[in-house]
Amino acid sequence: MSGSESLYSDLIDYAGLQALIANTDSPATYRVYPYQMPQDITLPAVVYQLIGGTRVISLADDGGTGVERNVYQVTAWAETLDSADSVIEQVRLALKNAERNYVPQSKRETFDPETRLHGVEYDFSQWYR
């Protein structure tokens, strides 16, 4: 499973986040999108993208393969800043409780004047072999 696939899985598997971003279909789908949101969707929604990554190689590692570190930006979009902040808090908890190792790095607020949507961005490092 790629880093992006595992991030998506870890987000949609968390009940607290599911409650905020679930669609009304059956089986349930969730408003979590890579790179950008589709137009005319129900809010709130989450968008994620890979913004950086490195491979760390060490002789101490098995076979010298090292570990990889990806940095993802996860943005919660909503009609209000409070709603976006509530969603990003559930994102933080989802990644904190995931089996994979995510490390929160920075959090910022944003606003899109064109759509009049509020966003809260959170950057996370994901370490894996």
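Refer to the structure presented above.
Predicted model only: the values in this text are computed from it and were never measured.

Caption draft 1: A look at the packing of helix H1 (residues 3-12) against helix H3 (residues 81-96). It is the contact of H1 with H3, at a shortest axis distance of 8 Å, that shows an interaxial angle of 110°. In this view, H1 runs roughly perpendicular relative to H3, as classed from their interaxial angle. Crossing of H1 against H3: the hand is right-handed. In this structure, H1 contributes Leu-7, Asp-10 and Leu-11 to the contact, and H3 contributes Val-91, Ala-94 and Leu-95. Along the lines of polarity and charge, the residues of the contact of H1 with H3 split into 5 nonpolar, no polar and 1 charged.

Caption draft 2: Looking closely at the pairing of strand E5 (residues 117-128). In terms of residue burial, E5 counts as a mostly covered element, since 9 of its 12 residues are buried. Inspection of the sheet shows strand E3 (residues 67-78) paired to E5 by 11 bridges, in the antiparallel sense. Bridge assignment links Tyr-72 to a residue of E5, and that residue is Phe-124. One ladder, built from 11 bridges, connects strand E4 (residues 101-112) with E5; its direction is antiparallel. In the strand pairing of E5, Pro-104 is matched with Phe-124. Where E4 folds back onto E5 in an antiparallel hairpin, the turn is made up of 4 residues, including Arg-116, whose phi is positive at roughly 65°.

Caption draft 3: How the structure looks around the nonpolar core. Counting 24 residues, the largest nonpolar core has Leu-7, Leu-11, Val-32, Val-46, Val-74 and Val-91 as its most contacted members. Elements supplying a minimum of two residues to this core: H1, helix H2 (15-21), strand E2 (45-56), E3, H3 and E5. Considering each element in turn, this core owes the most residues, 6 residues, to H3.

Caption draft 4: Layout of the side chain of Gln-90. Mapped onto the fold, Gln-90 is located in helix H3. For Gln-90, a relative accessible area of 17% puts it in the buried group. In this structure, Gln-90 is in contact with Tyr-14, Gly-16, Leu-17 and Leu-20, ignoring residues within four places of it in sequence.

Quick notes on the rules
- Residues numbered from 1 in each chain as written.
- Predicted model: local features only at pLDDT ≥ 70, side-chain atom pairs only at ≥ 80, totals over all residues.
- Heavy atoms only, no water.
- Axes fitted to C-alpha atoms, helices over the stretch in contact; angles between N-to-C directions.
- Helix = DSSP H or I, 4+ residues; strand = E, 2+ residues; numbered from the N terminus.
- Parallel < 35°, antiparallel > 145°, perpendicular 65-115°, else oblique.
- Left-handed = near helix turned anticlockwise from the far one by under 90°.
- Contact = heavy atoms within 4.5 Å.
- Nonpolar A, V, L, I, M, F, W, Y, C, P; charged D, E, K, R; others polar.
- Buried < 20%, exposed > 50% of the residue type's maximum accessible area, 1.4 Å probe, protein only.
- Pairing = 2+ DSSP bridges.
- Core = buried A, V, L, I, M, F, W, Y, C linked by side-chain atoms within 4.5 Å.

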